[in-house]
Amino acid sequence: MPLKDIQERMKVAAQSAGRKVDDIRLIAVSKVQPNERVESVLEEGHRVFGENRVQEAASKWPDFCERYDNIDLHLIGPLQSNKVRQAMELANAIHTLDRPKLAKTIVRIAQETGNCPELFIQVNTGEEPQKAGIAPKETDQFVAECRGLNLPIVGLMCIPPIDEEPSLHFALLAKIAERNGLTGLSMGMSSDFERAIALGATHIRVGSAIFGERVPT
Ligand SMILES: *Cc1c(COP(=O)(O)O)cnc(C)c1O
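Reading guide: rules and limits
Residues numbered from 1 in each chain as written. Predicted model: local features only at pLDDT ≥ 70, side-chain atom pairs only at ≥ 80, totals over all residues. Heavy atoms only, no water. Helix = DSSP H or I, 4+ residues; strand = E, 2+ residues; numbered from the N terminus. Buried < 20%, exposed > 50% of the residue type's maximum accessible area, 1.4 Å probe, protein only. Salt bridge = Lys/Arg side-chain N within 4 Å of Asp/Glu carboxyl O. 1 Å grid on protein atoms, 1.4 Å probe; cavity = no way out; pocket = protein on both sides within 12 Å on 5 of 7 lines; lining within 4 Å. Points joined across faces, edges and corners; volume = space filled by probe spheres on them. Nonpolar A, V, L, I, M, F, W, Y, C, P; charged D, E, K, R; others polar. UniProt positions renumbered as here; feature names shortened; annotations may be inferred. Contact = heavy atoms within 4.5 Å. Phe/Tyr/Trp six-rings, centres within 6.5 Å; stacked < 30°, edge-to-face > 60°. Core = buried A, V, L, I, M, F, W, Y, C linked by side-chain atoms within 4.5 Å.

## Some details on unusual backbone geometry
Positive phi outside glycine occurs at Val32, with the angle close to 60°. Examined against the element boundaries, Val32 turns out to sit in the loop between β1 (25-29) and α2 (35-43). Residue class for Val32 comes out partly exposed when judged on its relative accessible area of 26%. In the Ramachandran plot, Asn70 falls in the positive-phi region, its phi being about 60° despite a non-glycine side chain. Note on placement: Asn70 falls in the loop between α3 (54-67) and β3 (72-75).

Laid out in C-alpha cells, this is it:
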C-alpha cells in the first residue's frame, strides 16, 4: 500500500479520536525488506524507520544515512546484551528495554560515550511466557528503577498476543503509562494501527502494509 494511503488512514483515525496526526509517528518497519523497497520509501521523503535486528540494521542503515539526511532509526526487536553498544550507536530510539540487566548495561555505555537513545520499556501485556517484556504488575517498579538510573525513558511498548483483541492490550498499556507519567506509547502494527491510534499510540510500527509482505530469508 502506498505510504500516502497509510498516512491518510492515520489522519482519519486521529481525527475520529480527536487527536492531531502530527502527534503520531509512523515507524516504517523495514526488516527483511529488499533495499529497493526501502529506498523508494526514502525517495518519497519518509525518514522514520524500524528494524528488529541489530546486525541487519548495521548492514544497511549506515549507508542509507550517508545518502539521506535526518534518518530516525528505531530498534524494535529483542536486544541481546552483547549487541547493546552497537544498537546505541545506530539507533535514535530503542523500544525493547525489558530487563534490569539491560538497563544497567545501557547506563554503563551511555556514561562512557555520553550518548543514549530514547528508550521505551517493553511490557508483556498478555503475560505470554515466550514473549519478552516486563510483566504489567512489575512495570511501575521497573520504570522507577530506570528513572533512578537516569535513563531517558520516554514511554512503553507492547506487542499484543496474536489471538486476542489488541485494543484491550493497547488500553492496558496506556493505563500503565499514564499512572507512571509517561507520554510515549509504541503500539499498533499493520493490522491494528488505527485501533492503537484510537487508544493513544504516539508511535505506530507498520511494516508489511507499507512495504508488502516480507520476503522470506
Ligand atoms: C515486524 C514488526 C512490526 C511490523 O509488523 P507488520 O505486521 O508487518 O506491520 C511491528 N513491531 C514489531 C516489534 C515487529 O517485530
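## Brief notes about the pattern of salt bridges
Using the criterion set out here, one finds 13 salt bridges in the structure. Among the salt bridges present, the one from Asp72 reaches Arg25, with a minimum N-O distance of 2.7 Å. With Asp72 in strand β3 and Arg25 in strand β1, this pair connects stretches of sequence that are 47 residues apart. In this structure, Glu165 and Arg195 form a salt bridge, with 3.1 Å as the shortest nitrogen-oxygen distance. Note that Glu165 is positioned in the loop between β6 (153-157) and α7 (166-179) and Arg195 in helix α8 (residues 193-198), a separation of 30 residues in sequence. Relative accessible area serves as the criterion here: at 37%, Glu165 is assigned to the partly exposed category. Looking at Arg195, the relative accessible area reads 35%, which means it is partly exposed.

## Brief notes about the layout of surface pockets
Computed from the structure, the largest pocket encloses a volume of approximately 540 Å³. If you trace the largest pocket, you find 28 residues lining it, with Lys31, Ile159, Pro160, Met189 and Arg205 closest to the centre. Across the lining of the largest pocket, the residue classes tally to eleven nonpolar, nine polar and eight charged.

## Brief notes about the UniProt feature "modified residue: N6-(pyridoxal phosphate)lysine" (unreviewed entry) in the protein
Mapped onto this structure's residue numbering, the UniProt feature "modified residue: N6-(pyridoxal phosphate)lysine" (unreviewed entry) falls at Lys31. Excluding anything up to four places from it in sequence, Lys31 contacts Gly50, Glu51, Asn52, Glu56, Lys60 and Arg214.

## Quick word on the packing of aromatic side chains
A full pass over the atoms with the stated rule returns two aromatic pairs. Residues Phe49 and Trp61 carry aromatic rings whose centres are separated by 4.8 Å and whose planes lie at 40° to one another, so their mutual orientation is tilted. A residue pair is termed long-range when its members are at least 10 positions apart, and Phe49 in strand β2 (residues 48-51) and Trp61 in helix α3 qualify at twelve residues. Residue classification places Trp61 among the buried residues on the basis of a relative accessible area of 0%. Three or more aromatic residues link up through ring pairs in this structure, and these residues are Phe49, Trp61 and Phe64.

## Focus on the nonpolar core
Ranked by size, the top nonpolar core spans 60 residues in total, and within it Leu97 and Ile121 carry the most contacts. Tallying contributions element by element places helix α5 (residues 100-113) first for this core, with six residues. Those residues in contact with Ile121 that lie beyond four places of it in its chain are His95, Leu97, Ile134, Phe142, Val143, Cys146, Ile153, Gly155, Leu156 and Met157.

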